[in-house]
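Structural overview for review
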Amino acid sequence: MASHAELSDFLTATERRAYKHALYAVRDEHCALDIVQDAMLKLAEKYSDKPAAELPMLFHRILQNTIHDHFRRQKVRGLWTTLLSALSPRHDDEEHDPLETLLDETHQHHAPEATLEQTQTLATIETAIKNLPARQREAFLLRYWEDLDIAETAAVMGCSEGSVKTHCSRATHALAESLHAQGITLP
């Protein structure tokens, strides 16, 4: 079992190398710092009872997983940010519901075919979201609609952060498959 001092010494000695490792992987200083901090916290919270000799292997596995999580998150955020930003109004002076944007009267100048296609796309998206299992729908809407982070979503849902990640991942995959099956492709 590593003592508090051994764990602290290990993290201090590893900090700079871990930061460089994460920086090379993600190419963003702020994200790299967040990744290293998350990895260090996970090691301290979950594996502080392990022998000091096991800390390097555990830490690097945690660091790699945290980097992979970052890329997964970026991919999912990029996908849904693109979709939802396409539905948002061009002015920022009011709150709006992205799905209702497609039915907004300010978009009446579109050709009837385009309006019909937008209305059908809206209905398909709403149906796909409604058809998700309750926990997946809740996690998806809290994370990507309400823009809560993982910890906030976990607190709201009363579950672990890992469960939130799992529910969001399953929801995005299910939505993507459902929309693809309906012939809707995302930009």
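See above for the structure.
Numbering of residues starts from 1 in each chain and follows the order in which that chain's sequence is written. The predicted nature of this model means local features are confined to residues of pLDDT at least 70 and side-chain atom pairs, given and counted, to a pLDDT of 80 or more, with totals for whole chains, interfaces and linings taken over all residues. Heavy atoms from the whole structure form the basis of all side-chain values; hydrogens and water molecules are not counted.

Considering the packing of aromatic side chains
Under the pairing criterion, centres of Phe, Tyr and Trp rings, with the six-membered ring standing for Trp, must be within 6.5 Å; the plane angle then separates stacked pairs below 30 degrees from edge-to-face pairs above 60, leaving the rest tilted. Overall, the coordinates contain two aromatic pairs when judged by the stated rule. On the numbers, 5.9 Å between centres and 80° between planes, the contact of phenylalanine 10 with phenylalanine 59 is edge-to-face. Of this pair, phenylalanine 10 sits in helix α1 (residues 4–26) while phenylalanine 59 sits in helix α3 (residues 55–87), placing them 49 residues apart in sequence. With respect to class, phenylalanine 10 is no different from phenylalanine 59; both count as buried. Centroid distance phenylalanine 140 to tyrosine 144: 5.4 Å. Interplanar angle 50°. Geometry classified as tilted. Placement of both phenylalanine 140 and tyrosine 144 in helix α6 (residues 134–145) is noted, with a separation of four residues, approximately one turn of the helix. An identical accessibility class is assigned to phenylalanine 140 and tyrosine 144; each is buried. Whether a charge sits over a ring comes down to the Lys NZ or Arg CZ being within 6 Å of the ring centre and within 35 degrees of the ring normal. One cation-aromatic arrangement involves arginine 143 over tyrosine 144; the distance from NZ or CZ to the ring centre is 5.5 Å. Helix and strand assignments follow DSSP, with helices taken as H or I runs no shorter than four residues and strands as E runs no shorter than two, numbered in order from the N terminus. Buried residues are those whose accessible area, probed at 1.4 Å on protein chains only, stays under 20% of the maximum for their type, while exposed residues exceed 50% and partly exposed ones sit between those limits.

What about the layout of surface pockets?
If you roll a probe as big as a water molecule over the atoms, it shows you where there is empty space left. Roughly 710 Å³ of volume is contained in the largest pocket. Around the largest pocket, the lining is made up of 24 residues, and of these Asp38, Lys42, Arg73, Glu161 and Lys165 lie nearest the centre. Those elements giving two or more residues to the lining of the largest pocket turn out to be α2 (29–47), α3, α7 (150–157) and α8 (161–181). It is α2 that contributes the most residues to the lining of the largest pocket, nine residues altogether. Its residues placed into classes, the lining of the largest pocket shows seven nonpolar, four polar and 13 charged. In this structure, the second largest pocket spans a volume of roughly 420 Å³. In this structure, the second largest pocket is lined by 18 residues; those nearest its centre are Arg72, Arg73, Val76, Ser169 and Thr172. Among the elements of the structure, α3, α6 and α8 are those that each provide at least two residues to the lining of the second largest pocket. Residues are called lining when one of their atoms sits within 4 Å of a cavity or pocket point, these points coming from a 1 Å grid over the protein atoms alone, where a cavity is a set in which a 1.4 Å probe fits but cannot get out and a pocket is an open set with protein on both sides within 12 Å along at least five of seven lines. Grid points are joined across faces, edges and corners, and a volume is the space filled by probe spheres set on the points. Gly is put with the polar residues, along with every residue not named as nonpolar or charged; the nonpolar set is Ala, Val, Leu, Ile, Met, Phe, Trp, Tyr, Cys and Pro, and the charged set is Asp, Glu, Lys and Arg.

Overview of helix α5 (residues 112–130)
By this rule, a helix spans an expected 1.5 Å times one less than how many residues it contains. Taking 1.5 Å per residue as the helical rise, α5 with its 19 residues ought to reach 27 Å, and the 27 Å between its terminal C-alpha atoms agrees with that figure. Taken together, the buried positions of α5 are Leu122, Thr124, Ile125, Ala128 and Ile129. Within α5, the buried residues cover an arc of 165° as seen down the axis, which keeps them to one side. Exposed residues pointing more than 90 degrees away from the buried face of α5 are listed as Pro112, Glu113 and Lys130. When we speak of the arc, we mean the arc of directions from the helix axis to the C-beta atoms.

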